[in-house]
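Working through the structure, step by step
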Amino acid sequence: MKSLTNPMTTWKTTNQSLEKTFEFSTFEEAMQFMQDATPFITQTDHHPTWSNTYNRVHVIITTHDAGNQVTEKDHTLANFLDELFNQ
């Protein structure tokens, strides 16, 4: 589905968030990635802070209701996004 323009990078981890930038070949692919992730995000009611700049989607994940800490919910979403990106 997506054309990689760079190899996968790992999530940057801090005590308060997981952070990663996904890079695509085109703006359209970046936007499709965000659209494809939306049903899972809605279903799990765990919304990332993310932004799109042309062919990149920058994602920050933290669990706000746990005092802005990294929880299993964050790792689940990160794994989902990685799997979606690799499809």
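Notes on the structure in this doc start here. Keep in mind the model is a prediction, meaning the values are calculated, not measured. (Residues numbered from 1 in each chain as written. Predicted model: local features only at pLDDT ≥ 70, side-chain atom pairs only at ≥ 80, totals over all residues. Heavy atoms only, no water.)

We now examine the overall build of the protein chain. A count of helical and extended segments in the protein chain gives 2 helices and 4 strands. N-terminal to C-terminal, the α/β element order of the protein chain is β-β-α-β-β-α. Taking all 87 residues of the protein chain together, the buried fraction comes to 34%. Intrachain contacts of the protein chain at a sequence separation of at least 6 include 62% that bridge at least 24 residues. Surface exposure of the protein chain reaches about 5100 Å², of which carbon and sulfur atoms provide 50%. (Helix = DSSP H or I, 4+ residues; strand = E, 2+ residues; numbered from the N terminus. Buried < 20%, exposed > 50% of the residue type's maximum accessible area, 1.4 Å probe, protein only. Contact = heavy atoms within 4.5 Å. Areas by Shrake-Rupley, 256 points an atom, 1.4 Å probe, with all protein chains shown as cover.)

The tally for this structure, following the rule as stated, stands at 7 aromatic pairs. Aromatic pair Phe22 and Phe33: ring centres 5.0 Å apart, planes at 40°, arrangement tilted. With Phe22 in strand β2 (residues 18-23) and Phe33 in helix α1 (residues 27-44), the pair connects residues that are 11 residues apart, well separated along the chain. Seen from their ring centres, Phe24 and Phe85 are 5.1 Å apart, and the 75° between their planes marks the pair as edge-to-face. Of the two residues, Phe24 is situated in the loop between β2 and α1 and Phe85 in helix α2 (residues 72-86); the sequence distance between them amounts to 61 residues. Both residues of the pair, Phe24 and Phe85, count as buried. One aromatic cluster is present, built from ring pairs that chain together Trp11, Phe22, Phe24, Phe33 and Phe85. (Phe/Tyr/Trp six-rings, centres within 6.5 Å; stacked < 30°, edge-to-face > 60°.)

With that out of the way, let us pick up the packing of α1 against α2. Two elements in contact, α1 and α2, have axes separated by 11 Å at closest approach and are oriented at 140°. α2 is crossed by α1, and the crossing has right-handed handedness. For the pair formed by α1 and α2, the contact residues are Phe33, Asp36, Ala37, Phe40 and Ile41 on the first element and Thr76, Leu77, Phe80, Leu81, Leu84 and Phe85 on the second. Partitioning the contact of α1 with α2 into residue classes produces 9 nonpolar, 1 polar and 1 charged. (Axes fitted to C-alpha atoms, helices over the stretch in contact; angles between N-to-C directions. Left-handed = near helix turned anticlockwise from the far one by under 90°. Nonpolar A, V, L, I, M, F, W, Y, C, P; charged D, E, K, R; others polar.)

In short, shape yes, function no, at least from these values alone.
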